[in-house]
Amino acid sequence: MANPRIHLSSPHMGGDELALVQDAFATNWIAPLGPHVDKFEQEFAELVGGRIVDEGGLTSDVGHLSSVKLHAAALSSGTAALHLAMRWLKLEPGDEVICSSLTFSASVNPILYERATPVFVDCDKQTWNMDPAILAEAIAARLKAGRKPRAVILVHLYGQSADLDPIVALCAQHEIPLIEDAAEALGATYKGRAPGSFGLCGIHSFNGNKIITTSGGGMLTSADPKLIEKARFWATQARDPAPHYQHSEVGFNYRLSNVLAAIGRGQLRVLEDRVAARRRNCAFYQTAFADLPGIAFMPEADYGRCTRWLTCLTIDPREAGVDREQVRLSLGEKNIEARPVWKPMHLQPIFRECPNYGGAVGERLFADGLCLPSGSNLTMSDLERVVEAVRDVFKRR
Ligand SMILES: *Cc1c(COP(=O)(O)O)cnc(C)c1O
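**Q** Talk me through the pairing of strand β9 (residues 311-315); I want residue IDs and the actual numbers.
**A** Burial runs high along β9: 5 of the 5 residues are buried. A two-sided burial pattern is seen for β9, the buried positions comprising Thr311, Leu313 and Ile315 on one face and Cys312 and Thr314 on the other. Of the strand pairs in this sheet, strand β8 (residues 295-297) and β9 are connected by 3 bridges, and their pairing is antiparallel. Looking at the pairing, Phe297 lines up with Leu313 of β9. Pairing of β9 with strand β12 (residues 369-372) involves 4 bridges; the strand directions are antiparallel. Bridge pairing links Thr311 to Leu372 in β12.

Okay, structure coming up:
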């Protein structure tokens, strides 16, 4: 095949996954739950709660370098983790939950599962993540309307942590629980610690396109052991302690299987390699496009390490002479998968009626933003093919 497909982000197994899965088979722990699930939870909690020293020493601020003791529940998806976080809040119909607008719909849908209403907040140009000033404005406006937000869902987008300090402070000041959607940010840091370890709880994803994968899966983390214990209870059909089947609450079937947890444990061991490879991809594209007009990469904030889960850039059509869609379609013709940046939630038909604050920045990023192939398993010739395909579009201007 002359032109095999180059994917946006595909699974990349390390060396240990198969042996760990074989162990699950050999011991017949094929059922959900089992020793790999327990170990995956422990190892994950230690990693996300631990202190992380960036290779590049990216920050001189060591304010957050102490570790936190986290607990973790392995679940069938990141969406399930966020749903259980919403359950923990005991939302009532009509309650409001603030959420980043520029994100994937899975950050928002669990609010609807619990019959609450999302309120959207725009991102800023420097980080592409929630703008703390607009969050402050949104909280003030909702308080004035007599509708105190029940939580803030903060998304850490495309491998980059949001600016946590001002957001944590705002939530603390107003006593609003902070829930971190770190599905795209495993391996990232904020002042020496992992996003997902700062709020009431963090949600993580091992979907097939994420930086590490179990084919499908997720994790809920929290410093509160009661929250995690309750999440495990709900996730295993809410079975009361009794010899027979007895239930006093609604349950869900949300647990991760022992087989998939074995894959996850193998993947955790190569996480640092995966971060390094994705950052290398981004650096390669940055060098290769340095002379092209109108291209700007997602900026990397100086408070931590961005994993460059996806390499994202914007194309200013006036400067570039070509627009994002021309580039994306042209890559598609060459069997190269590239995608527009997320369409903001406040523009989605299903969320049309929801309150929204700001929006211009996310709308601009959606109009001009492109995500390039970013997998940690891309070869040099894959990367060169992508570069050539992009440069071709600019040549034809
Ligand atoms: C992938 C993703 C999720 C959902 O995770 P799943 O494991 O696929 O359910 C949630 N939020 C964001 C920002 C994501 O990218």
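**Q** Break down the packing of helix α1 (residues 17-26) against helix α8 (residues 258-269) for me, with residues and values.
**A** Contact geometry for α1 and α8: axes closest at 8 Å, N-to-C directions at 155°. On the basis of their axis angle, the class for α1 and α8 is roughly antiparallel. Once α1 is placed against α8, the crossing between them reads as right-handed. Between α1 and α8, the residues in contact are Glu17, Leu20, Val21, Ala24 and Phe25 and Asn258, Val259, Ala262, Ile263, Arg265, Gly266, Gln267 and Arg269, respectively. In terms of residue class, the contact of α1 with α8 is built from 7 nonpolar, 3 polar and 3 charged.

**Q** Account for the state of the cysteines, naming residues and giving values.
**A** Linking two cysteines covalently via their sulfur atoms produces the bond known as a disulfide. By the definition in use, this model includes 0 disulfides. Unpaired in this structure, Cys171 has its nearest cysteine sulfur neighbour in Cys201, at a distance of 12 Å. A relative accessible area of 3% means that Cys171 is categorised as buried. Take Cys354: it sits in no disulfide, and the sulfur closest to it among the cysteines is that of Cys99, at 10 Å.

Rules of the game
Residues numbered from 1 in each chain as written. Predicted model: local features only at pLDDT ≥ 70, side-chain atom pairs only at ≥ 80, totals over all residues. Heavy atoms only, no water. Buried < 20%, exposed > 50% of the residue type's maximum accessible area, 1.4 Å probe, protein only. Helix = DSSP H or I, 4+ residues; strand = E, 2+ residues; numbered from the N terminus. Pairing = 2+ DSSP bridges. Axes fitted to C-alpha atoms, helices over the stretch in contact; angles between N-to-C directions. Parallel < 35°, antiparallel > 145°, perpendicular 65-115°, else oblique. Left-handed = near helix turned anticlockwise from the far one by under 90°. Contact = heavy atoms within 4.5 Å. Nonpolar A, V, L, I, M, F, W, Y, C, P; charged D, E, K, R; others polar. Disulfide = S-S within 2.5 Å.

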